[in-house]
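Structural characterization, general
What follows is each chain in one-letter form.
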Amino acid sequence: MTPSHTTEEITFTLNGQPFTARIEDGASLMEVLREQAGLISPKNGCAPQGSCGCCTVLVDGRALSSCVVPARQAAGKHVVTLEGFDARERHIFAHAFAVTGGLQCGFCIPGIVVAARHLIARHPDPTRAQIAEALNNHVCRCTGYVKIVDAIEMAARALRGGPLPQADYSGAIGSSLPRQDAARLVLGDRPFADDLRADGMLRGAFLFSAHPRARVLRIDASEAARQPGVVRVFTAADVPGERHQGLICPDWPLFLAEGETTHCIGDILAAVAADTERHARQALEHIRVEYEVLPGVFSPEAALAPGSPRVHPGRDNLLSRSAIARGDVDAALAASAFVETRTFTTQLIEHAFLEPEACLAVPGNWGLGAGGWVEAQRDGSSPLLTVFSQGQGIFDDRRQIASFLGVEEAAVKVTLVSNGGAFGGKEDLSIQGQTALMAMLTGRPVKVTLTRCESIRLHPKRHPMTLHYTVGCDSGGHLTALRARIVGDKGAFASVGAKVLERAAGHAAGPYRVPAVDIEALAVYTNNLPCGAMRGFGANQAAFAIESMLDILAERAGIDAWEIRWRNAVDAGDTFCTGQVLERAVGLKDTLLAVKEAFYSSPRAGIACGIKNVGIGNGMPEAGQAIVEITADGRVVIHTGFTEMGQGFYTAMAQCLCEITAIDARVVRTEVDTAFPTPCGMTTASRATVLGGRAVQDAARKLRADLAPGVRLSDLAGRRYAGEHRAGATTPLGSDTPHPRTHMSYGFATQVCILDEGGRVERFIAAHDVGRVINRHMVEGQIEGAVHMGLGYALTEALTLSDGVPDSFKLRALGLIRARDMPEVTVLLIESNDPEGPFGAKGVGEIGLVPTAGAVANALARFDGVRRYALPMRDSAAGRAMFGTRDSGL
Ligand code: FES
Ligand code: FES
């Protein structure tokens, strides 16, 4: 191996012990802690941007982001990471976060715990405002901060000598069973993909296209291959299988080849495997690429113009058209008392999951071991490769990886490493294919971790849309007809964009009875960053439009905003926009009643309703599978194919099992691995709890039958109980069947936004029909986190592009709302008992932010009389309060 460029040796005290590091120029303290000291509690969420707080450690007692502390500055200092906290502190923080539901994916939490300890050292009894202020350098994308603040309050009390409440481990439905692995996640001990290690492991890095549209004339990697530490450089020429992959449409080349034209700046041209990440990245700078820069198309209008350049040669720029037509819209509009026409626009949104994409691929059969190290597996088959993926569907990952490598699917084992947030952004294959290729061709473990900048340029975003709406109502405010023309900027690759626009069409009328609809939604390729799945999946954009239209029509009809919703709200037996008759578990009116008093309590309150499909539907067969295994030591392992990404899926599955078997939840865990045949598709469309839960129920009943009195779990060691649930058939959107059933079920919500006298968001009330509460803290946490994301969507967030290139790659520039800017959030849960779901539950992963932007827009219109048609509404008093005064970081 070529010697590294060691430039200096430094010594500091690390968690009470002297530690000596050999550092190269530019090394950060975080790099030393993670790469040399082998510590994994400081997480890398954005290095070297210093914007997320995930890497926070104490340096001489100060809480600092270790990714922006030059390693050299640590010399002679005392550095303390979470690993160095005393046992009592570790226990208190772990327990407080677990019992309050203060964590979801957990990626941000170790850094937050360090900041909390720093705060409590100075203020042993901090107020909620002080806690929120102390988190100003931290980002949590999952929780909305409500339960994080609860947890820190509880921890402070316990550190002062107060009691810690007991956790409920019954696993009963409705209880707040602590999240699986909660303590390890809080303390940073449970490894994420970037924390994994293997003997002889190489590190990989990618070269991305410099231009959104350019012909790649030549890629010369000869000089890069000679750089220190480099083992091999890879290009399209090294791919033995199918280079183009995709969840629905295989239009995404995992390596772009010489002679081809780039689609966006997320195209990968080459990869380097080297002894260290630093060396891999340095070598990238020596890859010479010759481009012929070409004009691109950067808006749907430009892409659809006659003669415009094709984003994909030989393929039309119009990816898809979704349409719904019911009734005579022209006649209904002509007969309406009031008709209004408006155009709305929504923005490109970055998921900003806190954990950037990472993947480890290892030749042979490996499993997750202790301390982040992988360990050899001797049982089962012997795959060519094991891929540790953080993706949202390991069986789809495996299918595409195998196709890319040109091997049988059985040759690839994919093990899920529960991820640090996804929100739809980890549905598509990201870097698993290239990482697997590097491992296969070098015969060594290879790990790749994207930087925040690379993450932003690679994964699909939320679609920006333009929505032209014409809506009519009678003199009593009853809706009569709706015409909608929706155009979505799909960006460079299909991903699931056609389905997103299909869902926007299906949700265009919101949760209201509209007798006549004429809806068209187009997904259009451009050379912008790709767009795909993101929490809400097209429903959010449509909700902003229809909820604004309802308030506009209410004013014309002379009724208030609550009343017009009440008069039009769907109930059991009513027909939804897609033509489906809603049969049962339609809790919308209950959610309206739940917020009625709050809405009428303030002249500055805005209201909006929401509906979101549960399950992909639209004709796609859907099923959940589970295998419940009893281990030799009397523990229970639930194997399924869906992904844990912070939403609490693993824990919910344990509760579905415990409720039926009365087994103590502490002996139950859930795992996801292709070694167990439980294929069930992507973790998407708020369906994992419904399909997975029903499958676990099925398996649990079989296990219960064997648990006769006196039989211990260890007596059943080695037994496996298979469970399955197949959802009822659905029909494609627009099919001419007389009784379409486009989805298995729907969630419903009503939200109220209350502004203070200055126009800032003071209070937010979210009433949701969740079917049945499986885990109260987790359901509340999903909705609190979604409201936080929805407020960002409404007021502050945008990823702006200029000719296909982000104006900034900084996390800070995205407009994510910080803890101190969050209003008080009240979650009201309505149980409608949905027969489709386990114990009556519905999926709640997405609907939490479907109505949010509409509620905010309607509150703002009441406050200042300005009707806003474009997101984000940064120009408003509420937007300025959250975003206007901050350093944009551009
Ligand atoms: S990784 Fe250091 S602040 Fe984000
Ligand atoms: S729990 Fe904070 S980012 Fe996921």
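Residues numbered from 1 in each chain as written. Chains lettered and ligands numbered in written order. Predicted model: local features only at pLDDT ≥ 70, side-chain atom pairs only at ≥ 80, totals over all residues. Heavy atoms only, no water.

**Thoughts on the packing of helix α15 (residues 539-557) against helix α21 (residues 852-864)**
Heads up, the condition is: Note on geometry: axes are C-alpha line fits, over the in-contact stretch for helices, and angles between N-to-C directions span 0 to 180 degrees. Here a helix means four or more residues in a row that DSSP labels H or I, a strand means two or more in a row labelled E, and each is numbered from the N terminus. By definition, any crossing whose near helix is turned counterclockwise from its far helix by less than a right angle is left-handed, and any crossing with a clockwise turn is right-handed. A contact between two residues is defined here by any heavy atoms of the two lying within 4.5 Å. When residues are sorted by character, Ala, Val, Leu, Ile, Met, Phe, Trp, Tyr, Cys and Pro go into the nonpolar class, Asp, Glu, Lys and Arg into the charged class, and all the rest, Gly among them, into the polar class.
Running from amino to carboxyl end, α15 crosses α21 at an angle of 35°, the nearest separation of the two axes being 8 Å. For the pair α15 and α21, the sense of crossing is right-handed. Contacts from Phe-544, Glu-547, Ser-548 and Asp-551 of α15 reach α21 at Ala-853, Gly-854, Ala-857 and Asn-858. For the contact of α15 with α21, a count of residues per class yields 3 nonpolar, 3 polar and 2 charged.

**A look at the nonpolar core**
Stated formally: The term nonpolar core refers to a set of buried residues drawn from Ala, Val, Leu, Ile, Met, Phe, Trp, Tyr and Cys, joined through side-chain atoms within 4.5 Å. Each residue is assigned to one of three classes by its accessible area relative to the maximum for its type, calculated with a 1.4 Å probe on protein chains only: buried under 20%, partly exposed between the two thresholds, exposed over 50%.
Judged by nonpolar contacts, the single largest core of 161 residues is most densely connected at Phe-97, Tyr-469, Leu-482 and Ile-486. No other element matches α15, which puts 10 residues into this core. The residues touching Ile-486, leaving out its near neighbours within four places in the chain, are Met-465, Thr-466, Leu-467, Tyr-469, Leu-501, Ala-504, Ala-505, Ala-508, Glu-520, Ala-521 and Leu-522. One finds Ile-173, Trp-252, Ala-271 and Ile-638 within the second-largest nonpolar core, a separate group that totals 78 residues.

**Considering the sheet that holds strand β25 (residues 623-630)**
Inclusion rule: For two strands to be treated as a pair, DSSP must find no fewer than two bridges joining them.
The 4 strands lie next to each other as β27-β26-β25-β28, forming an open sheet whose pairing is mixed. Looking at strand neighbours, the two that pair on one side only are β27 (668-671) and β28 (720-726), the edges of this open sheet. Averaged over all adjacent pairs, the angle separating strand axes in this sheet is 20°, with direction ignored. Pairing between strand β26 (residues 636-640) and β27: 4 bridges, direction parallel. Pairing of Ile-638 across the sheet is with Thr-670, part of β27. Together, β25, β26 and β28 form the strand contacts of helix α19 (residues 688-706), whose direction differs from that of β28 by roughly 140°.

**A closer look at the pattern of salt bridges**
Our working rule: Definition used for salt bridges: Asp or Glu carboxyl oxygen within 4 Å of a side-chain nitrogen of Lys or Arg.
Counted according to the given criterion, the structure contains 63 salt bridges. Glu-8 is the partner of Arg-72 in a salt bridge, and the nearest nitrogen-oxygen pair spans 2.5 Å. Placement of Arg-72 in the loop between β4 (62-65) and β5 (78-80) and of Glu-8 in strand β1 (residues 8-14) is noted, with a sequence separation of 64 residues between them. On the basis of relative accessibility, which here comes to 41%, the residue Arg-72 falls in the partly exposed class.

**Remarks on empty space enclosed by the protein**
Rules: Each cavity reported here is a set of points on a 1 Å grid over the protein atoms alone in which a 1.4 Å probe fits but cannot get out, each pocket an open set with protein on both sides within 12 Å along at least five of seven lines, and each lining residue one with an atom within 4 Å of a point. Grid points are joined across faces, edges and corners, and a volume is the space filled by probe spheres set on the points.
All told, the structure shown has 9 cavities of 30 Å³ or more when counted by the stated rule. Taken together, 37 residues make up the lining of the largest cavity; nearest its centre are Gln-647, Ser-686, Gln-782, Val-844 and Gly-845. At the level of elements, α18 (649-661), α19 and α20 (776-796) are the ones that each hand at least two residues to the lining of the largest cavity. It is α20 that provides the largest number of residues to the lining of the largest cavity, a total of 3 residues. When its residues are assigned to classes, the lining of the largest cavity shows 17 nonpolar, 14 polar and 6 charged. Looking at the second largest cavity, its volume works out to about 170 Å³. Lining the second largest cavity are 16 residues, and of these Gln-580, Glu-583, Arg-584, Met-744 and Ser-745 lie nearest its centre. Its residues assigned to classes, the lining of the second largest cavity shows 7 nonpolar, 3 polar and 6 charged.

**Things to note about the sheet that holds strand β18 (residues 385-389)**
Strand pairing in a sheet relies on backbone hydrogen bonds, with the paired strands running either antiparallel or parallel. With mixed pairing, the 7 strands of this open sheet are ordered in space as β8-β11-β6-β20-β15-β18-β19. Where the open sheet ends on each side, the last strands, each with one partner, are β8 (230-234) and β19 (412-416). On average, each strand axis in the sheet is inclined to that of its neighbour by 20°, with strand direction left out of account. Sheet strands in contact with helix α12 (residues 432-442) are β6 (202-208), β8, β11 (268-274), β15 (358-363), β18 and β20 (446-449), and its direction is about 30° off that of β15.

**A closer look at unusual backbone geometry**
Cis geometry marks the peptide bond from Ala-47 to Pro-48, where omega comes out at 5°. Relative to the elements of secondary structure, Pro-48 occurs in the loop between α1 (29-36) and β3 (56-59). Along the chain, Leu-871 connects to Pro-872 via a cis peptide bond; the corresponding omega equals -5°. Within the element layout of this structure, Pro-872 appears in the loop between α21 and α22 (877-884). For Ser-495, which is not glycine, the phi torsion reads 45° and is therefore positive. Although it is not a glycine, Asp-803 sits at a positive phi angle of roughly 50°. By secondary structure assignment, the location of Asp-803 is in the loop between β31 (801-802) and β32 (805-806). Residue classification places Asp-803 among the exposed positions, given a relative accessible area of 55%.

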